[in-house]
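What the coordinates show
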Amino acid sequence: MMRAGERIVETIGLRVAFGEGADARTVVDDVSFQVLAGQSFGLIGESGCGKSTLLRAIAGLNADYRGSILLQDKEIGRARDKAAYRCIQMVFQDPYACLHPRKMVQQALLEPLVIHGMDQRQDRVDDALLAVGLGPAFRYRYPHELSGGQRQRVAIARALIIEPEILLLDEPTSALDVSVQAEILNLLKTLRTQRGLTYIMVSHNLAVVAHLCNRVAVMERGRLIEEMSEDDVRHGRAREPYSRALLNANMPYHGGTAGSAA
Amino acid sequence: MADTLLEVEGLNVRFESARQSHHAVRGVSFAIGRQKVGIVGESGSGKSLTGRAIMKLAPKAARIEAGKINFDGIDLLAASERRMRAIRGNRISMILQDPKFSLNPLMRIGNQITEAYRLHHRANAAQARAKALQMLESVDIRDPERVFRQYPHEVSGGMGQRVMIAMMLIPEPDLIVADEPTSALDATVQRQVLRILDDLVTRRGAGLLFISHDLNLVADFCDRVLVMYAGQILEDIPARELRHARHPYTRALLDCLPRLDRKVDTLATVSRDPAWLLPVQPAGGVLA
Amino acid sequence: MHTKTGGVTPRARFSEWIRAPIPQSPWHARVQQAWLRWRRLAGNPPAMMGFCVIVAFVLVAILAPLLATHDIYAQNLTARLQPPSARHWLGTDELGRDVYSRLVYGTRITLYIVGLTAVIVAPIGLLAGTAAGYFGGWADIVIMRAVDIFLAFPSLILALAFVAALGPGIENAVVAISLASWPPIARLARAESLAIRKSDFIAAVRLQGASPARIILGHVVPMCLTSVVVRVTLNMASIILTAAGLGFLGLGAQPPSPEWGAMLSSGRQFLMTAWWIAAVPGCAILLAGLAFNLFGDGLRDIMDPRNG
């Protein structure tokens, strides 16, 4: 467990490209940034800017990258070991696609425990379900019997059950109703404080990012062009013209809330 | 404003299955003139189903009952499928959420637009092409010739949605039903598309039924807002008064959003009061 | 539903248990899902009919000794080529054997062939297809070329070639038919795996550090299972026909075994005079094929969870 303030995740010159030869597209272009332990780091940008690809590369889902990814100041290779996987977990965008349709909630939560050889499995499953606001009654449910918000809670429980230090969030609430979004955001905030987690979150919704994150980076066409604080985002203070345009486009029309577009 | 274009009274939609009956739309009544009316609700509130029931495009399993569904004097409830086909796409147009799914992926964009045009107008290929290019220009597409030749997957989401709007507006409909037209778009593109929609609707004096889950977007864009919950309309107010809405559900929806201008520790959540479920208005019944 | 003495009937208790909103154990949840599937099947008349016919065939096969009226091997040359009568319900064949009894015992052979083929073909096709689809690259190339080679042969010719090499007999016929039947299953499983491997739930389990074996066997295969089972069920009709074809050519079950195809073959020469010898097994083959087709059609509806 890292002390707050130490560097926990770092990328150096990260490059991800898809396609070959003439079709090659560089989706993440020479991105270098650091996240400190206990921070909540947000990545914003328009669709296609590469923020999700960057997140997936950090997660270890995309082994085809150039540059380095460092975890707790040690470089991790493209083939990761179980300890590295245990350290970083991810919550995905679509609650309707992130749970295996044929597996009960209990199976989904037990599996990571079995893979990592953890003990007291049944207790941990109960604790995980309680921590996300569901009860033991949800153990034997199938995903198709759950609402979007409930599925996302199960996904969060599954991510946290093996006690990671870093949680990657890929637009975790954009597919949810606003009322459910509020509950999930509150849950994420509580869990972070309780467990001292580090968050790296991707979102296109500035108000959500400002609510949950304390540091924000702007991406444009694969490049990380600016980093700023949450306060800067709230007040539309940016150095780069693109960032300023982005903040302004999302600015409230009149009342103060940015549009909650899905 | 003024003259009523669409009048709906006591619309009820039920889904019957072997074991249970799901009452998806409960006694919905409203009237639209040549104005922009937004229907806002969360998933499951019945807003999309209301729009589709009006156009008789609801799923086959849905049973629709209503006291009245009148469009410009035509009784849509009693209209035959043949009559509906003449009205749909001609006098009432529909714009859907994701152009990826509503444009034919195997046809070039230009061909789809000309086909839409020739369905309702007698024209030869050259005339149809000229009209299509004109429509593409009217939705702010700067290089209509190039877009005409492209396939849907080759254009961005925002462009695809503008193409959809162009297609839907060719027959110059009197009423447009837009079901989450900007939900799949980025904020910048959203504004662009809304501006185009606004322009076209106001200039042509058409009515717009804008269905969305985004309360603030609708409040800023539309003239009137209907808030739906569990199949019922809880509130029907002018858009500029939305921020002073009185119904606790609307207030809760407004309050639970994170705001850039106000930092809170915990977001307000919506606690659903069972008392909000009003007794259902029967088909043909009067407001209780 | 209370009994006169005031207790709750077992039927009411079961009804309550099966409809309980919160399952109390994994077993409870699985039984509830199975019951829902049964209800869906019951709501699909053609599929239900197919299912009943298949169940009827299975029962006939199991109860063959009780249902048969005569010894299927007993030849009675004085009573040959008899039309259906009270004594021989479906007549006698060219050696005086009772056609009805042979039909009943032939059910066993048909179900044996179909069942054994399905049990061989499904796992092989699944494993090959999911491995090819999940790993991609060289695994995909090698496995799919093997599939292509097998698919290039017409199934009956391939079966003939293997039976010719291995010698006639039921088990060899099963092997031959399996070799011809597994490629489409592999293709199907591969197509599904290609789509599944991109989904978020697979990404999630990869992030947990699961090995490829665990991912394929535990996560990809269960998703492909529906399509494969439906496909195999629909294939059973053609398996029956291929087996009958082999039997017809004398390469499947050997005489005096009451295999339907062999019966059809020997009845061929008497088609004009003693039509029942060929018509009866022919109708049985038709009915069995039809039943599997109808049931297979309805199977997909019931096997997917509602929003699955």
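Residues numbered from 1 in each chain as written. Chains lettered and ligands numbered in written order. Predicted model: local features only at pLDDT ≥ 70, side-chain atom pairs only at ≥ 80, totals over all residues. Heavy atoms only, no water.

Right, let's talk about the overall build of chain B for a bit. What chain B contains, in helices and strands, is 10 helices and 11 strands. Taken over the C-alpha trace, chain B has a radius of gyration of 20 Å; the compact-globule value for 288 residues is 19 Å, and the two agree within 12%. For chain B, the spread of C-alpha atoms along the principal axes amounts to about 60 × 50 × 40 Å. Here the analysis covers contacts within chain B between residues at least 6 apart in sequence; of these, 68% occur between residues at least 24 apart. For chain B, the accessible surface area stands at approximately 13,300 Å², while carbon and sulfur atoms represent 49% of it. In chain B, 39 positive and 33 negative side-chain charges are present, and the distance between their average locations comes to 4 Å. (Helix = DSSP H or I, 4+ residues; strand = E, 2+ residues; numbered from the N terminus. Rg over C-alpha atoms; globule rule 2.2 N^0.38 Å. Contact = heavy atoms within 4.5 Å. Areas by Shrake-Rupley, 256 points an atom, 1.4 Å probe, with all protein chains shown as cover. Lys, Arg positive; Asp, Glu negative; His and termini not counted. Charge placed at Lys NZ, Arg CZ, Asp CG, Glu CD.)

Further remarks concern the overall build of chain A. Within chain A, the regular secondary structure consists of 9 helices and 10 strands. Relative to its length of 262 residues, chain A is compact, with a C-alpha radius of gyration of 18 Å against a globular reference of 18 Å. Counting the 262 residues in chain A, one finds 61% classified as buried. Put simply, of all contacts in chain A between residues at least 6 apart along the chain, 66% involve residues at least 24 apart. As displayed, chain A offers around 9,900 Å² of accessible surface, 45% of which is attributable to carbon and sulfur atoms. (Buried < 20%, exposed > 50% of the residue type's maximum accessible area, 1.4 Å probe, protein only.)

Mapped onto the fold, Asn70 of chain B is located in strand E5 (residues 68-71). A C-alpha to C-alpha distance of 5.0 Å links Asn70 of chain B and Glu7 of chain B, two positions 63 residues apart in sequence.

On the side of chain C, 30 residues touch chain A, which itself brings 32 residues to the contact. Buried surface at the junction of chain A and chain C, both sides included, amounts to about 2,800 Å², of which 57% is carbon and sulfur. The interface formed by chain A and chain C includes 1 salt bridge. The partner of Glu111 of chain A in a salt bridge is Arg214 of chain C, with the nearest N and O atoms 2.9 Å apart. Summed over the shared surface of chain A and chain C, the number is 10 residue pairs in polar contact (both at pLDDT 80 or more). Of all the secondary-structure elements, those providing two or more residues to the side of chain A that touches chain C are helix H1 (51-59), helix H2 (82-87), strand E6 (88-91) and helix H3 (105-115) of chain A. Broken down by element, the residue count for the side of chain A that touches chain C peaks at 6 residues, all from H3 of chain A. Along the lines of polarity and charge, the residues of the side of chain A that touches chain C split into 16 nonpolar, 7 polar and 9 charged. (Buried area = accessible area lost by both parts, 1.4 Å probe. Salt bridge = Lys/Arg side-chain N within 4 Å of Asp/Glu carboxyl O. Polar contact = N/O pair within 3.5 Å; in protein donor to acceptor, adjacent residues only side chain to side chain. Nonpolar A, V, L, I, M, F, W, Y, C, P; charged D, E, K, R; others polar.)

Residues and elements named next belong to chain B. Judged by pairing direction, the sheet is mixed, and its 6 strands sit side by side in the order E7-E8-E9-E3-E10-E11 without closing on themselves. Where the open sheet ends on each side, the last strands, each with one partner, are strand E7 (92-95) and strand E11 (232-238). The sheet shows a mean angle of 15 degrees between the axes of neighbouring strands, direction not considered. Looking at chain direction, E7 and strand E8 (residues 175-179) are connected through 4 bridges and run parallel. Among the inter-strand pairings, Met94 is bridged to a residue of E8, identified as Val177. Strand contacts of helix H1 (residues 47-54): strand E3 (36-40), E7, E8, strand E9 (207-212) and strand E10 (224-229), with the helix running at about 145 degrees to E9, the strand carrying the most contacts. Its contacts with the sheet put helix H10 (residues 248-255) on E10 and E11, and the angle it makes with E10 is roughly 100 degrees. (Pairing = 2+ DSSP bridges. Axes fitted to C-alpha atoms, helices over the stretch in contact; angles between N-to-C directions.)

So, on to the interface of chain A and chain B. Between chain A and chain B, the contact holds 34 residues from the first and 33 residues from the second. Note on chain A versus chain B: buried area summed over both sides is about 3,000 Å², and carbon and sulfur give 51% of it. Taken together, chain A and chain B are joined by 2 salt bridges. With a closest N to O distance of 3.8 Å, Lys189 of chain A and Asp265 of chain B form a salt bridge. Across the chain A-chain B interface, the total number found is 8 residue pairs in polar contact (both at pLDDT 80 or more). Of all the elements in the fold, those that place two or more residues in the side of chain A that touches chain B are helix H6 (178-195), helix H7 (206-212), helix H8 (230-235) and helix H9 (241-249) of chain A. By residue number, the principal contributor to the side of chain A that touches chain B is H6 of chain A, which donates 8 residues. In the side of chain A that touches chain B, the residues fall into 15 nonpolar, 13 polar and 6 charged.

So, on to the packing of aromatic side chains. Scanning the entire structure with this criterion turns up 11 aromatic pairs over all chains. Considering the side-chain rings of Phe33 of chain A and Phe41 of chain A, the 5.2 Å spacing of their centres and the 25 degrees angle between planes classify their relative orientation as stacked. The exposure class assigned to Phe41 of chain A is buried, which follows from its relative accessible area of 0%. Ring plane angle 50 degrees and centroid distance 4.9 Å describe the contact between Trp89 of chain C and Tyr100 of chain C, whose orientation is recorded as tilted. With a gap of 11 residues between them, Trp89 of chain C in the loop between helix H4 (64-67) and helix H5 (99-135) and Tyr100 of chain C in helix H5 connect regions that are remote in the sequence. Given a relative accessible area of 47%, Trp89 of chain C falls into the partly exposed group. With relative accessibility at 14%, the residue Tyr100 of chain C sits in the buried group. Connected via pairs of aromatic rings, a cluster forms that spans Trp38, Phe51 and Phe295 of chain C. Lying across the ring of Tyr65 of chain A, Arg78 of chain A places its NZ or CZ 4.3 Å from the centre. (Phe/Tyr/Trp six-rings, centres within 6.5 Å; stacked < 30°, edge-to-face > 60°. Lys NZ or Arg CZ within 6 Å of the ring centre and 35° of its normal.)

When the pLDDT values of chain A are averaged, the result is 88; 95% of them are 70 or greater. Counting contacts from residues 253-262 of chain A, a segment whose pLDDT is below 50, to residues more than four positions away or on other chains yields 37 contacts. (pLDDT = per-residue confidence, 0-100.)

As a further point, take unusual backbone geometry. Backbone geometry places Asp30 of chain A, a non-glycine residue, at a positive phi of 55 degrees. Here Asp30 of chain A shows up in strand E2 (residues 25-36). Of note, the phi angle at Asp140 of chain B is positive, near 65 degrees, even though the residue is not glycine. Residue position: Asp140 of chain B is located in the loop between helix H5 (125-138) and helix H6 (144-149). Taking the relative accessible area as the measure of exposure, Asp140 of chain B reaches 36% and is therefore partly exposed.

Attention now goes to helix H11 (residues 260-267) of chain C. Of all the 8 residues making up H11 of chain C, 6 are buried; the element is thus mostly covered by neighbouring parts of the structure. On the buried face of H11 of chain C, the contacting elements are helix H3 (45-62), H5, helix H10 (212-248) and helix H12 (276-303) of chain C.

Moving on, we come to the pattern of salt bridges. Under the criterion given, the structure shown has 41 salt bridges over all chains. Its salt-bridge partner being Glu180 of chain B, residue Lys47 of chain B comes within 3.9 Å of it at the nearest N-O pair. With a gap of 133 residues between them, Lys47 of chain B in helix H1 and Glu180 of chain B in the loop between E8 and helix H8 (187-204) connect regions that are remote in the sequence. Comparing Lys47 of chain B with Glu180 of chain B shows no difference in burial state: the two are buried. Where Arg187 of chain C meets Asp148 of chain C, a salt bridge forms, and the shortest distance between an N and an O atom there is 2.9 Å.

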